[in-house]
Amino acid sequence: MRKTLSAILLTFLAFLAAGCGSSDKKGGKAGEQEAEQTFVTEESLEYTELKKVQLPCDKDLLYNAWKQIGVVELQRKKVLDYDSHTPTLFLSTDLDKDGNPEVLLRSEPPYAAIYTFVKDSLQLITYVDQAQMGLAITPDGTILRNGIGAGGSTVSEFIRLEDSQPAATGAVRETFNIQNGAMVSGGTQYMLMTDSALAKVSKEEFEKVAPQQNGTYLEDIDGWEDFRKP
């Protein structure tokens, strides 16, 4: 059963239960504490289906771009090494329906990246830069990034493309504290991109821009092709 991912916010417990692995790890258990918006697992919800388009460039170009991500240093001397993990699956689509394709690339979890190809140039939109991260796509083509922030906070970001470039970017960060042996919310921050940095905004301002649809994890979207085939 495929699972969808909340477009706005994750809870700390639900994220730990879900991880970033295969679909059977994404459902939260009954009785877990839930924040205002969290993972959605009902089968009746709309899942993302991406229409495939022709691959816009040679695979060698994608391969080299993937390798250029290089080594991402994480805390406690752990790393994500894109140079040592060759992409195995790809999906060419048009997320913002502007006529310029986007290419989704995956290797074994958690490795994944999303590119756009415009004006004969391949550009990196986003990639997994921490071990506990999930990438998802909403039915309208918005990219969601969800992971763990500083101090065990949860971070949920969105990237909406327009003309193959990020037109709106925002994030929600929720901290958690332990009180009387229970995990409770320590507060939520809402942020939107202004100029080149995320700035705090009110919840109302954020919700005017943020996606209202749920996203489907990359690994749960149909239509992937083998990158290793000629």
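Computed from a predicted model, the values in this text were never measured in an experiment.

The rules behind these values
Residues numbered from 1 in each chain as written. Predicted model: local features only at pLDDT ≥ 70, side-chain atom pairs only at ≥ 80, totals over all residues. Heavy atoms only, no water. Buried < 20%, exposed > 50% of the residue type's maximum accessible area, 1.4 Å probe, protein only. Helix = DSSP H or I, 4+ residues; strand = E, 2+ residues; numbered from the N terminus. Contact = heavy atoms within 4.5 Å. Polar contact = N/O pair within 3.5 Å; in protein donor to acceptor, adjacent residues only side chain to side chain. Pairing = 2+ DSSP bridges. Axes fitted to C-alpha atoms, helices over the stretch in contact; angles between N-to-C directions. Core = buried A, V, L, I, M, F, W, Y, C linked by side-chain atoms within 4.5 Å. Phe/Tyr/Trp six-rings, centres within 6.5 Å; stacked < 30°, edge-to-face > 60°. Lys NZ or Arg CZ within 6 Å of the ring centre and 35° of its normal.

Asker: Can you help me understand helix H2 (residues 59-69) in this one?
Answerer: Given 3.6 residues per turn, any residue in an α-helix points the same way as the ones three and four places further on. Residues of H2 that are buried: Lys59, Leu62, Ala65, Trp66, Lys67 and Ile69. In this structure, the buried side of H2 is in contact with strand E2 (71-73), strand E4 (89-93), strand E5 (102-106), strand E6 (112-118), strand E7 (121-127) and strand E15 (225-226). Of the residues that open H2, the one with a side-chain oxygen 2.7 Å from the backbone nitrogen of Asp60 is Asp58. Positioned one or two residues after H2, Gly70 has a phi angle of 75°, which is positive.

Asker: Any chance you could explain the pairing of strand E11 (residues 165-179) here in plain terms?
Answerer: Side chains on a regular strand alternate between the two faces of the sheet. Judged from the 9 bridges that link them, strand E10 (residues 154-162) and E11 form a sheet pairing that is antiparallel. Across the sheet, Leu161 pairs through a bridge with Pro166, a residue of E11. The loop that links E10 with its antiparallel partner E11 comprises 2 residues; one of these, Asp163, has a positive phi angle of about 55°. Both E11 and strand E12 (residues 182-194) contribute to a ladder of 10 bridges, which runs antiparallel. Across the sheet, Ile178 pairs through a bridge with Met183, a residue of E12. Between the end of E11 and the start of E12, which pair antiparallel, lie 2 residues, with Asn180 showing a positive phi angle near 55°.

Asker: What should I look at first to understand the sheet that holds E5 in this one?
Answerer: Hydrogen bonds along the backbone pair up the strands of a sheet, which may run parallel or antiparallel. Strands sit in the order E7-E6-E5-E4-E15 across an open sheet of 5 strands; the sheet is antiparallel. Single-partner strands in this sheet number two, and they are E7 and E15. The sheet contact formed by E4 and E5 spans 5 bridges and is antiparallel. Considered in E5, the bridge of Leu91 is made with Leu104. H2 contacts E4, E5, E6, E7 and E15 of the sheet and is inclined by roughly 130° relative to E6.

Asker: In this structure, what is going on with the nonpolar core? I would like to understand it.
Answerer: A general trend in soluble globular proteins is that nonpolar side chains are found buried together. In terms of nonpolar packing, the biggest core is built from 34 residues, with Tyr115 and Ile137 touching the most fellow members. When residues of this core are traced back to their parent elements, those giving at least two are H2, E4, E5, E6, E7, strand E8 (133-137) and E10. It is E6 that contributes the most residues to this core, 5 residues altogether. Excluding its chain neighbours within four sequence positions, the residues that come into contact with Tyr115 are Leu62, Ala65, Trp66, Ile69, Pro101, Glu102, Val103, Leu105, Leu122, Gln123, Leu124 and Ile125. Leu144, Val172, Leu192 and Phe206 belong to the second-largest nonpolar core, a separate cluster that totals 9 residues.

Asker: Please explain the environment of Asn146 as it appears in this structure.
Answerer: Residue position: Asn146 is located in strand E9 (residues 143-148). Since its relative accessible area comes to 1%, Asn146 is described here as buried. With 11 residues separating them in the primary sequence, Asn146 and Leu135 have C-alpha atoms 6.6 Å apart.

Asker: For this particular structure, what's the right way to read the packing of aromatic side chains?
Answerer: Counted according to the given criterion, the structure contains 6 aromatic pairs. Ring geometry for Tyr82 and Tyr111: centres 4.9 Å apart, planes at 80°, overall edge-to-face. Of the two residues, Tyr82 is situated in the loop between strand E3 (79-81) and E4 and Tyr111 in the loop between E5 and E6; the sequence distance between them amounts to 29 residues. Looking at Tyr111, the relative accessible area reads 7%, which means it is buried. Measuring from ring centre to ring centre gives 5.8 Å for Phe158 and Phe206, while their planes differ by 70°; the resulting arrangement is edge-to-face. In this pair, Phe158 sits in strand E10 while Phe206 sits in helix H3 (residues 203-209), placing the two residues 48 residues apart along the sequence. For the pair formed by Phe158 and Phe206, the shared burial category is buried. Feature note: the residues Trp66, Tyr82, Tyr111 and Tyr127 constitute an aromatic cluster, connected by ring pairs. Of note, Lys59 hangs over the ring of Phe227, and the distance from its end group to the ring centre comes to 5.6 Å.

Asker: Would you mind going over the environment of Tyr115 with me for this structure?
Answerer: Along the chain, the position of Tyr115 falls in strand E6. Looking at Tyr115, the relative accessible area reads 2%, which means it is buried. The sequence separation of Tyr115 and Leu104 amounts to 11 residues, and the corresponding C-alpha distance is 6.5 Å. Among the polar contacts made by the side chain of Tyr115, one reaches the main-chain amide nitrogen of Trp66 at a distance of 3.3 Å.

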